[in-house]
Amino acid sequence: MYIRCFVGDRPKQWVQWLPWAEYCYNTSFHSALQSSPFLVLYRRDAPRLLSYTRGSTRMDAIDEALMDRDQVLMIITDSLQWSQERMTSEYNKGHRDVSYEVAYQLQLPNLVKLHDVFHVSLLKPHKGPPPTFPPFLPPVDNGHVILTPYTVLRVCLTDDQWDILVQWTATDPDAATWEWLETFKHVTPAYKFEDKLFLQGEAVVMNSIAHRVT
């Protein structure tokens, strides 16, 4: 790209100045190398070229040649920088800055025997004002949560079989599940029911019952 720019500026002279273009390319910083090709190859910085001041020599031919050299080097450097900026711009058109959060480290109570890093798929946003103290967490046995009933929201009579809608401790009412009454009593014998629940129970047929205690 920089050769194309230089040829456009010097269509009849670019061949004789090609070594200077090569010099500028090899001594310029390359983002892929994080260095210049000259420094990578020779393990030292390239020799520094001093700018020429007009009239420093008595020979007009040398004076003109050195002035042309400085002008050509400036054109080559500008063309190379423009080329690099254009390639960077074209590359960035198909890319965008994206950051991903795949896991969070949570501050858990000291007595909780759980790893404190959770994948985002296991978490959900908190709704409402932030809690002033850590919420109660259900007990865990060998990595499995032991569900304990918080309250029974509804009861329903289905073909002479009582089903109950249970809200579990440390869960929202939306996460309540329907359970068979007899199975629930067997698993949680200490739970005390309110008699009014069964007096107000619904006598309907339930075609789908979710998540039962086993």
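Below is a short write-up of the structure. (Residues numbered from 1 in each chain as written. Predicted model: local features only at pLDDT ≥ 70, side-chain atom pairs only at ≥ 80, totals over all residues. Heavy atoms only, no water.)

**Regarding the environment of Gln105**
Considering the arrangement of structural elements, one finds Gln105 in strand β1 (residues 103-105). Note on Gln105: relative accessible area 62%, which makes it exposed. In this structure, the C-alpha to C-alpha distance between Gln105 and Asp116, residues eleven residues apart in sequence, is 5.4 Å. In this structure, Gln105 is in contact with Asp116 and Val117, ignoring residues within four places of it in sequence. (Helix = DSSP H or I, 4+ residues; strand = E, 2+ residues; numbered from the N terminus. Buried < 20%, exposed > 50% of the residue type's maximum accessible area, 1.4 Å probe, protein only. Contact = heavy atoms within 4.5 Å.)

**Let's talk about helix α4 (residues 60-93)**
The terminal C-alpha atoms of α4 lie 50 Å apart, and with 34 residues this matches the ideal 50 Å at 1.5 Å per residue to within 8%. Along α4, the positions that sit buried rather than exposed are Asp63, Arg69, Val72, Leu73, Ile75, Ile76, Ser79, Leu80 and Ser83. (Expected span 1.5 Å × (residues − 1).)

**Details of the side chain of Glu179**
Residue placement: Glu179 occurs in strand β7 (residues 177-180). Judged by relative accessible area, Glu179 falls into the buried class, the value being 2%. Looking at Glu179, its side chain comes within polar contact range of the side chain of Thr177, at 2.5 Å. (Polar contact = N/O pair within 3.5 Å; in protein donor to acceptor, adjacent residues only side chain to side chain.)

**Quick word on a nonpolar patch on the surface**
Among the surface-exposed residues, Tyr104, Leu106, Leu122 and Leu123 lie close enough to one another that they form a single nonpolar patch of about 350 Å² accessible area. If you trace the backbone, Leu106 turns up in the loop between β1 and β2 (117-119). The partly exposed category is assigned to Leu106, whose relative accessible area is 30%. (Patch = residues over 30% accessible without salt bridge, like charges linked within 9 Å, V, L, I, M, F, W, Y side chains within 5 Å. Areas by Shrake-Rupley, 256 points an atom, 1.4 Å probe, with all protein chains shown as cover. Salt bridge = Lys/Arg side-chain N within 4 Å of Asp/Glu carboxyl O.)

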